[in-house]
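A look at the structure
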Amino acid sequence: MNKAKFILIILSIVFAFGDVGYSIYKVVNYFMTAPQDRSPIFYIVYEIIAIAVTLAVIVMLIIAIWNNGKLFRSRYGFYMTSIVLSVIVNLTSLATILLISTMFISDWVWVKPKDEDIYHKEPQAPTNKEEMIARLKEMKDSGQITEEQFQEEIMKLL
């Protein structure tokens, strides 16, 4: 799993916990106000449902990125379901915005080899004298060695 996507999902989980805390504060505050000053009960029922759904989103995201994201592709359904539920419950939440932004980040990890010379390996050394002479002739023709160096190497072989 891509590190940027992994970190954004972790941040989304953290902010979702913040959303749960704020929703709990609103529910408690509702019951602390005088009955004549309270808003309609619908709003508190919605907050309680939002708490439950947000906790479900948190659990699904944790399952999706469990084991350092190694099984993310096989648990992609949890990830997409958590995005949809998060959008339905609270579109303007920072957790939802971060989750939506993770949709546009690839989850593939591109590994660049540390040694760039892996792709530029030298050819194997020839094993018999005919191949060695042919190789020396190619090197002389391409200008890698001079005529004197060519003659010297031929003499060593013979």
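Refer to the structure printed above.
Now for a quick tour of the structure. Computed from a predicted structure; not experimentally measured. (Residues numbered from 1 in each chain as written. Predicted model: local features only at pLDDT ≥ 70, side-chain atom pairs only at ≥ 80, totals over all residues. Heavy atoms only, no water.)

1. Observations regarding the overall build of the chain
- In terms of helices and strands, the chain carries six helices and zero strands.
- Reading the helices (α) and strands (β) of the chain from amino to carboxyl end gives α-α-α-α-α-α.
- Out of the 158 residues in the chain, the part that is buried amounts to 27%.
- Residue pairs in contact within the chain that sit at least 24 positions apart in sequence constitute 57% of those at least 6 positions apart.
- Total accessible area on the chain is roughly 11,300 Å²; 65% of this is exposed by carbon and sulfur atoms. (Helix = DSSP H or I, 4+ residues; strand = E, 2+ residues; numbered from the N terminus. Buried < 20%, exposed > 50% of the residue type's maximum accessible area, 1.4 Å probe, protein only. Contact = heavy atoms within 4.5 Å. Areas by Shrake-Rupley, 256 points an atom, 1.4 Å probe, with all protein chains shown as cover.)

2. Overview of the side chain of S12
- Looking at the element boundaries, S12 is found in helix α1 (residues 3-32).
- According to the relative accessible area criterion, S12 is buried, its value standing at 1%.
- In this structure, S12 is in contact with L61, A95, L98 and L99, ignoring residues within four places of it in sequence.

3. Re helix α5 (residues 129-142)
- With 14 residues, α5 ought to run about 20 Å at 1.5 Å a step, and its terminal C-alpha atoms sit 20 Å apart, in line with that.
- Two residues or fewer past α5, G143 is found with a positive phi of approximately 90°. (Expected span 1.5 Å × (residues − 1).)

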